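# A structural walkthrough
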Amino acid sequence: MAIVLASASPRRRELLEKVGVENLVIIPAKSELPVPQGASPDEAVRLISLGKAREAAEQCPPGDVIIAADTVVSIDGRILGKPQGEGAAADMLRELSGRVHEVYTGVTVISGGEERVECERTAVRFRPLGEDEIAAYVATGEPMDKAGAYGAQGLGCLFVEGIEGDFFNVMGLPMCRLGRILSDMGVKLL
């Protein structure tokens, strides 16, 4: 039995390795799956993570455990995905400045013919940001591959005043929830 991560995210890989998952197999989705039109943030991440997991599962033997995740940032009910350019990244950061937003991660685990799809929500409060800070942060390139245009585990930590919920969810993989799902499915991390 192999544990397969259906993601190219180095953060997700690092989190799984930190809890002792060895010989992790990486099979990322071939393309970025679009957010379903009209879906709420929790519905969207569930559907996308399920799609990623099923795509990876098609390439694996039946005994493998497939883990997939998808993360979005939501503010005022709108989903902010990964920015499509530096201008979009700066606009997202301006919108998050001085406000609370939500981070949603859908997690799918496929094992032994069973599919479990769940969602974690975490509230994040940003301090007010100056235009110079936004420009300097965007210039680092860090925001470009991250939902909501920031990484709380990187330089973006300088903007986060507080978090209510699972910190690891903000990094893209809610470890407590994932651990419970895996345990329920007979995969023990401890």
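Placed above this text is the structure.
Residues numbered from 1 in each chain as written. Predicted model: local features only at pLDDT ≥ 70, side-chain atom pairs only at ≥ 80, totals over all residues. Heavy atoms only, no water.

Another point: the overall build of the protein chain. Of regular secondary structure, the protein chain possesses 6 helices and 7 strands. Against the 2.2 N^0.38 benchmark of 16 Å for 190 residues, the protein chain shows a C-alpha radius of gyration of 17 Å, consistent with a compact globule. With 190 residues in all, the protein chain has 49% of them scored as buried. A separation threshold of at least 6 residues defines the contact pool for the protein chain, and within that pool the share at least 24 residues apart is 66%. Surface accessibility of the protein chain: about 9000 Å² in total, with carbon and sulfur atoms responsible for 52%. Separation of charge centres in the protein chain, based on 20 positive and 28 negative side chains, amounts to 2 Å. (Helix = DSSP H or I, 4+ residues; strand = E, 2+ residues; numbered from the N terminus. Rg over C-alpha atoms; globule rule 2.2 N^0.38 Å. Buried < 20%, exposed > 50% of the residue type's maximum accessible area, 1.4 Å probe, protein only. Contact = heavy atoms within 4.5 Å. Areas by Shrake-Rupley, 256 points an atom, 1.4 Å probe, with all protein chains shown as cover. Lys, Arg positive; Asp, Glu negative; His and termini not counted. Charge placed at Lys NZ, Arg CZ, Asp CG, Glu CD.)

Right, let's get into helix H1 (residues 10–18). Among all positions of H1, only Arg11, Arg12, Leu15 and Leu16 are buried. The arc enclosing the buried residues of H1, seen along the axis, measures out at 135°, which places them on a common side. Away from its buried face by more than 90 degrees, H1 exposes Pro10 and Lys18. On the buried face of H1, the contacting elements are strand E1 (3–5), helix H2 (41–57), strand E3 (65–75), helix H5 (167–171) and helix H6 (175–184). N-capping of H1 is provided by Ser9, with a side-chain oxygen placed 3.3 Å from the backbone N of Arg11. Looking one or two residues beyond H1, the residue adopting positive phi is Gly20, at roughly 95°. (Arc of directions from axis to C-beta. Polar contact = N/O pair within 3.5 Å; in protein donor to acceptor, adjacent residues only side chain to side chain.)

Moving on, we come to the packing of helix H3 (residues 86–96) against helix H4 (residues 131–140). The contact between H3 and H4 brings their axes to 10 Å, and the two run at 135°. Viewed along their axes, H3 and H4 adopt a mutual orientation that is oblique. Note that H3 runs across H4; the crossing there is right-handed. Across the interface between the two elements, Glu86, Ala89, Ala90, Leu93 and Arg94 of H3 pack against Glu131, Ile134, Tyr137 and Val138 of H4. Among the residues forming the contact of H3 with H4, the class breakdown is 6 nonpolar, no polar and 3 charged. (Axes fitted to C-alpha atoms, helices over the stretch in contact; angles between N-to-C directions. Parallel < 35°, antiparallel > 145°, perpendicular 65-115°, else oblique. Left-handed = near helix turned anticlockwise from the far one by under 90°. Nonpolar A, V, L, I, M, F, W, Y, C, P; charged D, E, K, R; others polar.)

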